[in-house]
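One-letter residues, chain by chain:
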Amino acid sequence: MKQILFKNTSISYSDSGKGTTIVLLHGFLENQSMWDNYIATFSKKNRVITIDLLGHGETECLGYVHSMEDNADVVHAVLAELRIRKAILVGHSMGGYVALAFAELYPENVKGLVLLNSTARADSDERKVNRDRAIRAVKQSFVNFISLSIANLFSEGNRERLSAEIEIVKNKALKTPLQGIVASLEGMKIRNDREVLLHLTAFPKLLILGEKDPVLPFEESKEQIENTKVPLVTFPDGHMSHIENQEELTQILLKFFKNI
């Protein structure tokens, strides 16, 4: 792993391969290692950057709220360090929120955008209440919160089949510091609605959703690309398409990269 300093905060990232730059952004309670099974394949024809977002993995916390804009600035700082002008961004869940914030702040640096199990919409009032509830829960019982949160990301039918993978994800999530978890929940809660970017930006986009996603209701998530030219790919499983549908997702992303 490589590191840069951003606002006196250590940011961890990886850099592999040559070609069109792909930036892979992990979700909440994850870290850049979630992409380990993809890097070797993608880096055969592309330059692949993975980044630990604020308060996750080997990246330090920046404050009490990690806004999506703060994280977008981190991504921009890494690309500036590497002198990369344009990149395709792939964001899983919270990583998608960061990718959208990046596209709003730095549109000239975006070559393409993939939202994986993510949404351009802001949190609803009900979702904001749930974020506050999650903050209280993680402060009260860190291990219980992580265990429940991770299992609930997979479709019900996959929880037994993928129990070993779920355990690995859970153990990685347990290494996320409490401050990083709370700061990210606060940041997601206050994020802006960026649905307009799906309608008005010229760069290629792709939305990938799970039909049985326990976190992002499928029908509701589909609505955000009505009257747009954004293609939709659906999987029959949950929120963790990179694990639940790894082979299919690999091929879909390779095709998207190739066509840009």
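This is a predicted model, so every value here is computed, not measured.

**A short note on the overall build of the protein chain**
- In terms of regular secondary structure, the protein chain is built from 11 helices and eight strands.
- The C-alpha atoms of the protein chain give a radius of gyration of 17 Å, which matches the 18 Å a tight globule of 260 residues would have.
- When burial is assessed residue by residue, the protein chain has 56% of its 260 residues classed as buried.
- Summarising the internal contacts of the protein chain: among those between residues at least 6 apart in sequence, 77% fall at separations of at least 24.
- Placing the 31 positive and 33 negative side-chain charges of the protein chain at their respective mean positions leaves the two points 6 Å apart.

**Remarks on the pairing of strand S3 (residues 20-25)**
- A large share of S3 lies buried, amounting to five of its six residues.
- Note that S3 and strand S4 (residues 46-51) share six bridges and pair parallel. Considered in S4, the bridge of threonine 21 is made with arginine 47.
- Remark: the S3/helix H1 (residues 36-42)/S4 crossover connection has right-handed handedness.

**Points about the sheet that holds strand S5 (residues 87-92)**
- The strand order across the open sheet built from eight strands is S1-S2-S4-S3-S5-S6-S7-S8, with neighbouring strands paired in mixed fashion. At either end of the open sheet lies a strand with only one pairing partner, and these are strand S1 (2-6) and strand S8 (232-235). Neighbouring strand axes in the sheet, compared pairwise and without regard to direction, differ in orientation by 20 degrees on average.
- Contacts between helix H2 (residues 68-81) and the sheet are confined to S1, strand S2 (9-16), S3, S4 and S5, with S1 contributing the most and set at about 120 degrees to the helix.
- This element, helix H3 (residues 94-105), spans S3, S5 and strand S6 (110-116) of the sheet and lies at about 145 degrees to S5.

**Things to note about the nonpolar core**
- Val23, Leu25, Ile51, Val75, Leu89 and Ile150 are the most contacted members of the largest nonpolar core, which totals 61 residues.
- A total of eight residues in this core trace back to one element, the largest contributor, which is H3.
- In this structure, valine 75 is in contact with Val23, Leu25, Ile51, Leu53, Val98 and Phe102, ignoring residues within four places of it in sequence.
- The next biggest cluster of nonpolar side chains, apart from the first, holds 20 residues, and it includes Val90, Val114, Leu206 and Leu253.

**Here we look at the pattern of salt bridges**
- In this structure the tally under the stated criterion is 12 salt bridges.
- Across the pair aspartate 15 and arginine 47 runs a salt bridge whose closest N-O atoms are separated by 2.8 Å. In this pair, aspartate 15 sits in strand S2 while arginine 47 sits in strand S4, placing the two residues 32 residues apart along the sequence.
- Arginine 47 sits in the partly exposed class, given a relative accessible area of 21%.
- In this structure, glutamate 186 and lysine 189 form a salt bridge, with 3.2 Å as the shortest nitrogen-oxygen distance. With glutamate 186 and lysine 189 both in helix H7 (residues 178-189), this residue pair falls three residues apart, about one helical turn.
- The exposure class assigned to lysine 189 is buried, which follows from its relative accessible area of 15%.

**As for H3**
- For H3, spanning 12 residues, the distance from its first C-alpha to its last is 17 Å, which sits close to the expected 16 Å at 1.5 Å a residue.
- Summarising burial for H3: 10 of the 12 residues are buried, a large majority.
- Inspection of H3 places Met94, Gly95, Gly96, Tyr97, Val98, Ala99, Leu100, Ala101, Phe102 and Ala103 among the buried residues, and these make up the whole buried set.

**Thoughts on the environment of alanine 101**
- Within the fold, alanine 101 resides in helix H3.
- Along the chain, alanine 101 and leucine 209 lie 108 residues apart, while their C-alpha atoms are 20 Å from each other.
- Ignoring anything within four residues of it in the chain, the contact list for alanine 101 reads Met68, Glu69, Ala72 and Arg194.

The rules behind the values
Residues numbered from 1 in each chain as written. Predicted model: local features only at pLDDT ≥ 70, side-chain atom pairs only at ≥ 80, totals over all residues. Heavy atoms only, no water. Helix = DSSP H or I, 4+ residues; strand = E, 2+ residues; numbered from the N terminus. Rg over C-alpha atoms; globule rule 2.2 N^0.38 Å. Buried < 20%, exposed > 50% of the residue type's maximum accessible area, 1.4 Å probe, protein only. Contact = heavy atoms within 4.5 Å. Lys, Arg positive; Asp, Glu negative; His and termini not counted. Charge placed at Lys NZ, Arg CZ, Asp CG, Glu CD. Pairing = 2+ DSSP bridges. Right-handed = clockwise from strand over helix to strand, strands pointing away. Axes fitted to C-alpha atoms, helices over the stretch in contact; angles between N-to-C directions. Core = buried A, V, L, I, M, F, W, Y, C linked by side-chain atoms within 4.5 Å. Salt bridge = Lys/Arg side-chain N within 4 Å of Asp/Glu carboxyl O. Expected span 1.5 Å × (residues − 1).

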